[in-house]
Structure formats: C-alpha cells, structure tokens
Amino acid sequence: QVQLVESGGGLVQPGGSLRLSCAASGSTFNFGAMGWYRQAPGKERELVATTTGGHNAYYADSVKGRFTIARDNAENTVYLQMSSLKPEDTAVYYCNVYASRVGYVSGMYYWGKGTLVTVSS
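Chemist: Would you explain the nonpolar core in this entry?
Modeler: In terms of nonpolar packing, the biggest core is built from 31 residues, with Leu4, Trp36, Val48, Phe67, Leu80, Met82 and Tyr93 touching the most fellow members. Counting only elements with at least two residues in this core, the list comes to β3 (18-25), β4 (29-39), β5 (46-53), β7 (67-72), β8 (77-82), β9 (91-101) and β11 (115-119). With sequence-adjacent residues up to four places away left out, leucine 4 is seen in contact with Cys22, Ala23, Ala24, Cys95, Val97, Tyr110, Trp111 and Gly112.

Chemist: How do you make sense of the sheet that holds strand β1 (residues 3-7) when you look at a structure like this?
Modeler: Either a parallel or an antiparallel arrangement is found when strands of a sheet pair, and the pairing is made through backbone hydrogen bonds. The sheet built from 4 strands is open, its strands ordered β1-β3-β8-β7 with antiparallel pairing. The sheet terminates laterally at β1 and β7, the two strands that pair on one side only. Taking each pair of neighbouring strands and ignoring which way they run, the sheet shows an average axis angle of 15 degrees. As paired elements, β1 and β3 share 5 bridges and run antiparallel to each other. The partner of serine 7 across the bridge, within β3, is serine 21.

Chemist: Would you mind showing me how to read the environment of alanine 99 here?
Modeler: Along the polypeptide, alanine 99 turns up in strand β9. Counting along the chain gives 92 residues from alanine 99 to serine 7, while the straight-line C-alpha distance between them is 20 Å.

Chemist: What's the story with the packing of aromatic side chains in this structure? I'm lost.
Modeler: One pair of aromatic rings is described through two measures. These are the centre distance and the angle between the planes. In total, this model carries 4 aromatic pairs according to the counting rule given. Taken together, a centroid distance of 4.9 Å and an interplanar angle of 70 degrees make the contact between tyrosine 37 and tryptophan 111 edge-to-face. Of the two residues, tyrosine 37 sits in strand β4 while tryptophan 111 sits in strand β10 (residues 108-111), which places them 74 residues apart along the sequence. A relative accessible area of 40% means that tryptophan 111 is categorised as partly exposed. Seen from their ring centres, tyrosine 98 and tyrosine 109 are 5.0 Å apart, and the 65 degrees between their planes marks the pair as edge-to-face. Taken as a pair, tyrosine 98 in strand β9 and tyrosine 109 in strand β10 lie far apart in primary sequence, 11 residues in all. By relative accessible area, which is 24% here, tyrosine 98 ends up partly exposed. Residue tyrosine 109 is classed as partly exposed on the basis of its relative accessible area, which comes to 46%. Seen from the ring of tyrosine 94, arginine 45 lies directly overhead, with NZ or CZ sitting 3.7 Å from the centre.

Chemist: Honestly, the pattern of salt bridges in this entry has me stumped. Any pointers?
Modeler: Between side chains of opposite charge, a pair can form when the charged atoms approach closely. Inspection of the entire model under this criterion finds 4 salt bridges. In this structure, arginine 38 and glutamate 46 form a salt bridge, with 2.7 Å as the shortest nitrogen-oxygen distance. Arginine 66 serves as the salt-bridge partner of aspartate 89, at 2.7 Å between the closest nitrogen and oxygen. With aspartate 89 in the loop between β8 and β9 and arginine 66 in the loop between β6 (56-59) and β7, the pair connects residues that are 23 residues apart, well separated along the chain. Taking relative accessible area as the criterion, arginine 66 reaches 11% and is therefore assigned buried. One salt-bridge network, held together by shared partners, links Arg38, Glu46, Arg66 and Asp89.

The rules behind these values
Residues numbered from 1 in each chain as written. Predicted model: local features only at pLDDT ≥ 70, side-chain atom pairs only at ≥ 80, totals over all residues. Heavy atoms only, no water. Core = buried A, V, L, I, M, F, W, Y, C linked by side-chain atoms within 4.5 Å. Buried < 20%, exposed > 50% of the residue type's maximum accessible area, 1.4 Å probe, protein only. Helix = DSSP H or I, 4+ residues; strand = E, 2+ residues; numbered from the N terminus. Contact = heavy atoms within 4.5 Å. Pairing = 2+ DSSP bridges. Axes fitted to C-alpha atoms, helices over the stretch in contact; angles between N-to-C directions. Phe/Tyr/Trp six-rings, centres within 6.5 Å; stacked < 30°, edge-to-face > 60°. Lys NZ or Arg CZ within 6 Å of the ring centre and 35° of its normal. Salt bridge = Lys/Arg side-chain N within 4 Å of Asp/Glu carboxyl O.

Keep in mind that these numbers describe shape and distance, not what the molecule does.
The following block contains the structure:
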C-alpha cells in the first residue's frame, strides 16, 4: 500500500515562506511523477506544481517565480518551497504521486490527506 505523509503547513504572514514536504512509502512500488495541488475554500482543486524527476518541472502561472518543486528520489520525497506568499495562496495543499507496483507497467495516482497553508497578517 502507498502512504503519503505531508508536513510543513501552517500560518504565515504575506511575503513569508513555507516549505511543504511529502514522503511517499510503499516497499513494492515505484514512484513516478510527484506534485502538489491545492484547494481554496469554495474553489476547485488546482495543480500547483509537478515534476517527473530530473530537471523537469511544471508550475501554474499563479506561482511561477515564487514556488519551487524539488524531489529526493532516494527518499521518495517531494518538496514545495513557497516564497513571497500571498493571501490568495491560502488553501489546503495536497501531495499527488504516481505509483506502480514493481514489475507492473501501469499504476495510479495517490493523494495525501492535505496540509493547510494560511497566509494572513
């Protein structure tokens, strides 16, 4: 079974920084794309950033230049460094990871439980 453990959310003032972490575990799984989504109150869940590994990364326009996604393949962990935070970044942030069982071609995406980020003075 795949487990995703998120951490790093909290309350921060506008202009501040936070780093989110998501550790994936599952001894019989290989992990592919890893990323972050967020859902603000009353809004749909949206993609924030994703990476397939190496130097490939995608960012939503709203976070480009402020957020950086990184992964540690040895630890199966993905990070989201958030800087210059704005009140509109307030949301529950969800980790999203693609995993496939060792020896199998196809897999599926798994979700973390979410961590709340509140940007407010």
